[in-house]
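# Chains, contacts and geometry: an overview
Given next are the chains, with one letter for each unit.
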Amino acid sequence: MKIAIKGAGVVGGFGCGMEQLHNSLVKGKSAPTTISIKTIGGVIVTPALLADTSRLIAFVDKKALRRTDHYTRLALLGCYLALQDAAMLDQQRKRMGIIVATGYGATCNVSDFRHPLTNGDDLGGSPTRFSNSAHNAAAANIAISLNEKGPNLSINDYDMSMPAAVLTACQWLEEGRADAVLVGGVDEYCHAMGYYRHRLNGKEGGELSIPREYAIIGEGAVFFYLSLQGNEPAPYGYIEDVQMGRYGRTALRVPENSVFLTNTDGYSGRDHEYVHILGPQTRTASYTPLYGGIPVGLGFDMALAALSLRNNAFYPSAEGVLNRSTQENANGRIHALEDQELCCLKLG
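Residues numbered from 1 in each chain as written. Predicted model: local features only at pLDDT ≥ 70, side-chain atom pairs only at ≥ 80, totals over all residues. Heavy atoms only, no water.

## What to know about the nonpolar core
Counting 51 residues, the largest nonpolar core has Phe224, Leu226, Ile239, Tyr287 and Leu304 as its most contacted members. Residues Phe59, Leu77, Met96 and Val100 belong to the second largest nonpolar core, which totals 34 residues. (Core = buried A, V, L, I, M, F, W, Y, C linked by side-chain atoms within 4.5 Å. Buried < 20%, exposed > 50% of the residue type's maximum accessible area, 1.4 Å probe, protein only.)

Take a look at the structure:
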């Protein structure tokens, strides 16, 4: 299998677009904002990496966005940026598939729809909120906005959603179900998740203690325009293999002569296990603080890997990463990849 990455679109707490993600990668950090969460015990103030979707009006008319929510706008912006990056925005797209991965889904809209019903504020229910609370709302809106009639799929398997989506996209291309696939992940922040993350962070009596700077709350969208390998070189390289499984029962096959991007987000409770899989001398890096703790974070790792391949550079881990499990890049310097391959690894 060799699937070409023709374009990528990203939006998150680091900014909007691959170049802004690259700027954060070079700096080694993103600047979080502060959010306030009202609880029975008082107001919780915590940092978060939130995304701005204002750039979407450059692609979609404001009137068409009136009934869309933040979650859908994140997904739309990621898709348009990926198509623009692949120079396919104004081109005729034939048989393009769409796959959207998400860990939280339309959680905020489900809450917004249910709450007025349960407390009696809105006995009829808002049709707009209801439509936006459907699990496939983002994928449907993407198809409508792009006028695409190819295969369309939404995948929800929490932090394994993104690898499942990429694996499905590669299978569609190999089987000829589509000539190209727009595949990506999207998750938004909401106060319910913010409070849960805060509790998980060892605050307010939480059972787990995770360094605050190591697991910042995040949101955003990341999409890729994929096609089979053609005559023209792919600007971001190629996907050669996608593996999923239970590594505890069988030995994990990791490619030789590779460097690894580990998704050590501080929330899975598995971060310490990377050393047992890769060994302490394996060259690794983690960039989670650039985009925050988010179920589809592996998609952002793929985007960062694509940037590394484009620039033939392996960047040191982002600031705030407690990478005690594997060896950091020597002296925190940027190294040439040379003939090495990149592998994105996530323990769910």
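## Focus: the packing of helix H1 (residues 18-27) against helix H10 (residues 297-311)
For the pair H1 and H10, the least separation of the axes is 10 Å and the interaxial angle reads 85°. With respect to H10, the axis of H1 lies roughly perpendicular. Only Ala303, Leu304, Leu307, Arg310 and Asn311 of H10 make contact with H1, whose side of the interface consists of Met18, Glu19, Leu21, His22 and Leu25. The class makeup of the residues in the contact of H1 with H10 is six nonpolar, two polar and two charged. (Axes fitted to C-alpha atoms, helices over the stretch in contact; angles between N-to-C directions. Helix = DSSP H or I, 4+ residues; strand = E, 2+ residues; numbered from the N terminus. Parallel < 35°, antiparallel > 145°, perpendicular 65-115°, else oblique. Contact = heavy atoms within 4.5 Å. Nonpolar A, V, L, I, M, F, W, Y, C, P; charged D, E, K, R; others polar.)

## What to know about unusual backbone geometry
Here the phi dihedral of Ala87 falls at roughly 60°; this positive angle occurs in a residue that is not glycine. Its place among the elements puts Ala87 in the loop between helix H2 (70-85) and strand S5 (96-101). Unlike most non-glycine residues, Arg95 shows phi in positive territory, near 50°. Here Arg95 shows up in the loop between H2 and S5. On the basis of relative accessible area, Arg95 is assigned to the partly exposed category, the value being 44%.

## A word on the sheet that holds strand S11 (residues 258-262)
In spatial order, the strands read S12-S11-S15; together these three strands make up an open sheet with parallel pairing. In this open sheet, the two strands that pair with only one neighbour each are strand S12 (284-285) and strand S15 (341-345). Pairing between S11 and S15: five bridges, direction parallel. Residue Ser258 lies in a different strand from S15, and its bridge partner there is Glu341. This element, H10, spans S11 and S15 of the sheet and lies at about 170° to S15. (Pairing = 2+ DSSP bridges.)

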